[in-house]
Amino acid sequence: MLKVEHIGIAVKSLSLSVPLFEKLLNSQCYKTEEVASEAVATAFFRQGDTKIELLESTTEDGVIRKFIDKKGEGIHHIAFEVADILSEMERLKGEGFLLLNETPKDGADNKLVCFLHPKDTNSVLIELCQEKG
Ligand code: ZN
């Protein structure tokens, strides 16, 4: 894996949290994007070589809403950039990790993504992501 590409943070409201993180990080949100397949609206901040991704649920029963209902707002996932997502998925499967999607899917920020089941990763949701060419 190449680096921590971003850290995903579940929030109740982007309209409250974007200004909060702009103050905290002293930088402007550079992109907002809705990912319909995941029922999330996202907002991105660039922080040196990595990013912060804020995630708000767009539906009553989306994954982010469920996460917040269970655990409250906070760190939702850590995303690692990989050069070749298919071979990394194969490698991790071979090591016994459970993949939450068997084929890479479209994520926010022009990425192909795959998530690992947190039961295998000390309850940390791990995202693999590869920049789409
Ligand atoms: Zn992410």
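For the structure, see preceding data.
Residues numbered from 1 in each chain as written. Predicted model: local features only at pLDDT ≥ 70, side-chain atom pairs only at ≥ 80, totals over all residues. Heavy atoms only, no water.

(A) Geometry of helix 3 (residues 85-94). Every buried residue belonging to helix 3 is among Ile85, Glu88, Met89 and Leu92, and all of these are buried. Seen along its axis, helix 3 keeps its buried residues to an arc of 100°; they face one direction. In helix 3, those exposed residues whose orientation departs by more than 90 degrees from the buried face are Leu86, Glu90 and Gly94. Residues of helix 3 that are buried make contact with strand 7 (111-116) and strand 8 (126-131). At the N-terminal end of helix 3, a side-chain oxygen is found 3.2 Å from the backbone nitrogen of Leu86, two or three residues along, and the residue is Asp84. Looking one or two residues beyond helix 3, the residue adopting positive phi is Gly96, at roughly 95°. (Buried < 20%, exposed > 50% of the residue type's maximum accessible area, 1.4 Å probe, protein only. Helix = DSSP H or I, 4+ residues; strand = E, 2+ residues; numbered from the N terminus. Arc of directions from axis to C-beta. Contact = heavy atoms within 4.5 Å. Polar contact = N/O pair within 3.5 Å; in protein donor to acceptor, adjacent residues only side chain to side chain.)

(B) Representation of the sheet that holds strand 8. Sheet architecture is open: 8 strands sit in the order 2-3-4-1-5-8-7-6, paired in mixed fashion. Edge positions in the sheet fall to strand 2 (31-35) and strand 6 (105-107), since each has one partner strand and no second. On average, adjacent strands in this sheet sit at an angle of 35° to one another, irrespective of strand direction. Of the strand pairs in this sheet, strand 6 and strand 7 are connected by 3 bridges, and their pairing is antiparallel. (Pairing = 2+ DSSP bridges. Axes fitted to C-alpha atoms, helices over the stretch in contact; angles between N-to-C directions.)

(C) Summary view of the environment of Glu88. By secondary structure assignment, the location of Glu88 is in helix 3. Once residues lying within four places of it in the same chain are set aside, the contact partners of Glu88 are Met1, Val82 and Leu128. Polar contacts involving the side chain of Glu88 include one to the side chain of Arg91, which spans 2.7 Å.

(D) Focus on the pattern of salt bridges. This structure, assessed with the given rule, holds 15 salt bridges. Between Lys31 and Glu33 there is a salt bridge, with the nearest N and O atoms lying 4.0 Å from each other. Taking relative accessible area as the criterion, Lys31 reaches 26% and is therefore assigned partly exposed. One continuous salt-bridge network, built from bridges that share partners, spans Glu5, Lys31, Glu33, Lys51, Asp109, Lys111 and Glu131. (Salt bridge = Lys/Arg side-chain N within 4 Å of Asp/Glu carboxyl O.)

(E) Spatial organisation of the pairing of strand 7. Burial analysis of strand 7 places 5 of its 6 residues in the buried class, the great majority of the element. Linking strand 6 back to strand 7 in an antiparallel pair, the connection comprises 3 residues, with Asp109 at a positive phi of about 65°. Here strand 7 runs beside strand 8; their pairing, made up of 6 bridges, is antiparallel. Note on strand 8: the bridge partner recorded for Phe115 is Glu127.

(F) Just unusual backbone geometry, in detail. Of note in the backbone geometry, Asn26 takes a positive phi value of approximately 55° without being a glycine. Along the chain, Asn26 turns up in the loop between helix 1 (14-25) and strand 2. The class for Asn26 is exposed, based on a relative accessible area of 71%. A positive phi angle, near 55°, is found at Asn122, a position not held by glycine. Of note, Asn122 is situated in the loop between strand 7 and strand 8. Take Asn122: its relative accessible area is 76%, and that puts it in the exposed class.

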